[in-house]
Amino acid sequence: MADLKDRVEGLRKAFEAEALKVGDAKSLEELRTAFLGRKKGHVTLLFEDLKTVPAEGKREAGRLINELKESVTVRLDAIEGQLSLAWPSVSGTSAEAKLDLTLPGRKKYVGAAHPLVLFQQEIENVFLGMGFTIEEGPEIETDYYNFEALNFPPHHPARDSWDTLYIKDDLLLRTHTSPVQIRVMEKKKPPIRIIIPGRVFRRETPDPTHLPMFMQIEGLVVDEGATFAHLKGTLEYFIRALFGEKIKVRFRPSFFPFTEPSAEVDIECIVCGGQDKSCRVCSGTGWKEILGSGMVDPQVLKNVNIDPEKYSGWAFGLGIDRTAMFAYGITEMRHFYENDLRFIRQFGAK
Ligand code: FA5
């Protein structure tokens, strides 16, 4: 038994010494065969010798040999793992083991701002340059802020044009950024000159220019002597700053319960220039609406305790996604949300 113990120890040391020399798959396989080979492996032969050990020592001897077998196997597997992780050596013998230095490197991409975020920042910068400041508000709103304070009485038919997603009776996903106008006017007194970017939600079937979740940027100015001429001049300046001096812009009369008079603003269809009767973006009209606007209705000012005899205001709500389509010449708004990296990497992600 003492003799077997010594042989186990001797083999363990011999194995360790050999294991340190292994440098490739071939020498690893040779070492595995030498110690664990089915017929003549050193450890295998020990099991043969076990038969000659007297009965009272068999159990202990078996344990020692099994431990040796286990530690040899674990060590061989670990070496195999290390070899497969290592770079193939240039001097390797097989063709595939050679490192091909002429292959192009693998590009590592770092994260970058989403194209809509970049575009939102571009819009914000134009307005920050004109002295506006940025405000934000909640995406989950009450009926009061989304509708009632904005002059939509309950059951008013104009509510139908905002297909609303309700959470419960009085709580809804805001359908526009206009409720933040009310929240700000409740807290701040004129002069007010703000923009409000944010996500809005509507029960809409997606198509190339409509989504059920999209982004708006609201603008609000309240001051003594604010007029429609200021609204028109500011929006024209903004649109030319984004699209260049030559862009064609038109103001079209419209209706919103919270502004009077109201106007929608269209820009020429950058996709077809009005030349394609089957254009999926402008439906062949040559124009596409990008924002709604108007003079703040005196009733809305009264709702927030601002005296409409002293102050007047104007406001607008621009679709960020819709406008970004034109700025980047994209014919499908859904691309912005599908997160296809081939699309996204065209906008600043390096
Ligand atoms: C409004 O949401 C008003 N709150 C805008 C407003 C603000 C008027 C302040 C007056 C004063 P409208 O529903 O038209 O209006 O939406 C404004 C803009 O959002 C549209 O011109 C368009 O650019 C964008 N938009 C509207 N619906 C969608 C949609 N389903 N998907 C993407 N963009 C949309």
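Rules behind the numbers
Residues numbered from 1 in each chain as written. Predicted model: local features only at pLDDT ≥ 70, side-chain atom pairs only at ≥ 80, totals over all residues. Heavy atoms only, no water. Helix = DSSP H or I, 4+ residues; strand = E, 2+ residues; numbered from the N terminus. Rg over C-alpha atoms; globule rule 2.2 N^0.38 Å. Buried < 20%, exposed > 50% of the residue type's maximum accessible area, 1.4 Å probe, protein only. Axes fitted to C-alpha atoms, helices over the stretch in contact; angles between N-to-C directions. Parallel < 35°, antiparallel > 145°, perpendicular 65-115°, else oblique. Contact = heavy atoms within 4.5 Å. Nonpolar A, V, L, I, M, F, W, Y, C, P; charged D, E, K, R; others polar. Phe/Tyr/Trp six-rings, centres within 6.5 Å; stacked < 30°, edge-to-face > 60°. Core = buried A, V, L, I, M, F, W, Y, C linked by side-chain atoms within 4.5 Å. Pairing = 2+ DSSP bridges. Near = heavy atom within 4 Å. Polar contact = N/O pair within 3.5 Å; in protein donor to acceptor, adjacent residues only side chain to side chain. Areas by Shrake-Rupley, 256 points an atom, 1.4 Å probe, with all protein chains shown as cover.

Scanning the protein from N- to C-terminus turns up twelve helices and ten strands. Relative to the globule expectation of 20 Å for 350 residues, the C-alpha radius of gyration of the protein, 37 Å, shows a markedly less compact shape. Its C-alpha atoms put the protein at 115 × 50 × 35 Å along the principal axes. For the protein, with 350 residues in total, the buried portion stands at 42%.

Another aspect to go through is the packing of helix α5 (residues 115-129) against helix α10 (residues 320-328). Following both chains from N to C, one finds α5 and α10 inclined at 95°, their axes separated by 10 Å at the closest point. Taken as axis vectors, α5 and α10 run roughly perpendicular relative to one another. Within the contact between the two elements, α5 uses Pro-115, Leu-116, Leu-118, Phe-119, Gln-120, Glu-122 and Ile-123 and α10 uses Ile-320, Asp-321, Thr-323, Ala-324, Ala-327 and Tyr-328. A per-class count over the contact of α5 with α10 returns nine nonpolar, two polar and two charged.

Let's shift gears to the packing of aromatic side chains. The description of two aromatic rings rests on the distance between their centres and on the angle between their planes. Tallied over the entire structure, the rule returns twelve aromatic pairs. On the numbers, 5.3 Å between centres and 80° between planes, the contact of Tyr-144 with Tyr-145 is edge-to-face. Taken together, Phe-119, Tyr-328, Phe-336, Phe-343 and Phe-347 form an aromatic cluster joined through their ring pairs.

Moving on, we come to the nonpolar core. The biggest cluster of nonpolar side chains holds 45 residues, and the ones touching the most others in it are Ile-123 and Ile-239. Sequence-distant contacts of Ile-123, defined by excluding residues within four places in its chain, comprise Ile-217, Phe-238, Leu-242, Leu-318 and Ile-320. Counting residues in each nonpolar core, the second largest holds 26 residues, with Ala-158, Trp-162, Ile-182 and Val-304 among its members.

Moving on, we get to the packing of helix α2 (residues 25-36) against helix α3 (residues 42-50). Packing of α2 against α3 leaves a shortest axis separation of 3 Å and a crossing angle of 5°. Taken together, the axes of α2 and α3 are roughly parallel relative to one another. Listed contacts from α3 to Ala-34, Phe-35 and Leu-36 of α2 are His-42, Val-43 and Thr-44. Of the residues belonging to the contact of α2 with α3, the class tally is four nonpolar, two polar and no charged.

This next bit is on the pairing of strand β7 (residues 249-256). In the sheet, β7 pairs with strand β8 (residues 259-268) via seven bridges, with the strands oriented antiparallel. Residue pairing in the sheet places Phe-256 in a bridge with Thr-259 of β8. The hairpin formed by β7 and β8 contains two residues between the paired strands.

On to the environment of Lys-107, then. Locating Lys-107 in the fold gives a position in the loop between α4 (55-85) and α5. The exposed category is assigned to Lys-107, whose relative accessible area is 57%. The spacing of Lys-107 and Asn-146 is 39 residues in sequence and 47 Å in space, taken between C-alpha atoms.

Within the structure, the ligand sits among 27 residues, and His-176, Ser-178, Arg-202, Leu-211 and Glu-289 are positioned closest to it. Contact distances for the ligand include 3.1 Å between a nitrogen atom and a side-chain N or O atom of Glu-204. The protein chains hide 96% of the 670 Å² of surface that the ligand would expose on its own. Every element with two or more residues in the shell around the ligand is listed here: β6 (213-223), β8, β9 (287-296) and β10 (312-319). The residue makeup of the shell around the ligand, split by class, is ten nonpolar, eleven polar and six charged.

Time to look at the sheet that holds β6. Strand pairing in a sheet takes place through backbone hydrogen bonds and is either antiparallel or parallel in direction. Taking strand neighbours across the sheet as the criterion, the seven strands line up as β1-β5-β6-β10-β9-β8-β7 in an open arrangement whose pairing is mixed. With partners counted over all chains shown, the strands left at the sheet margins are β1 (133-134) and β7, one partner each. Note: β9 against β10, five bridges, orientation antiparallel. Bridge assignment links Gly-294 to a residue of β10, and that residue is Ala-315. In this fold helix α8 (residues 228-243) packs onto β7, β8, β9 and β10, with an angle of close to 150° to the strand it touches most, β9.

A few words now on the environment of Arg-203. Mapped onto the secondary structure, Arg-203 falls in the loop between β5 (192-201) and β6. Here Arg-203 falls in the exposed class, since its relative accessible area comes to 53%. Along the chain, Arg-203 and Asp-169 lie 34 residues apart, while their C-alpha atoms are 16 Å from each other. Ignoring sequence-local partners within four residues, the contact set of Arg-203 consists of Asp-163, Thr-164 and Leu-165.

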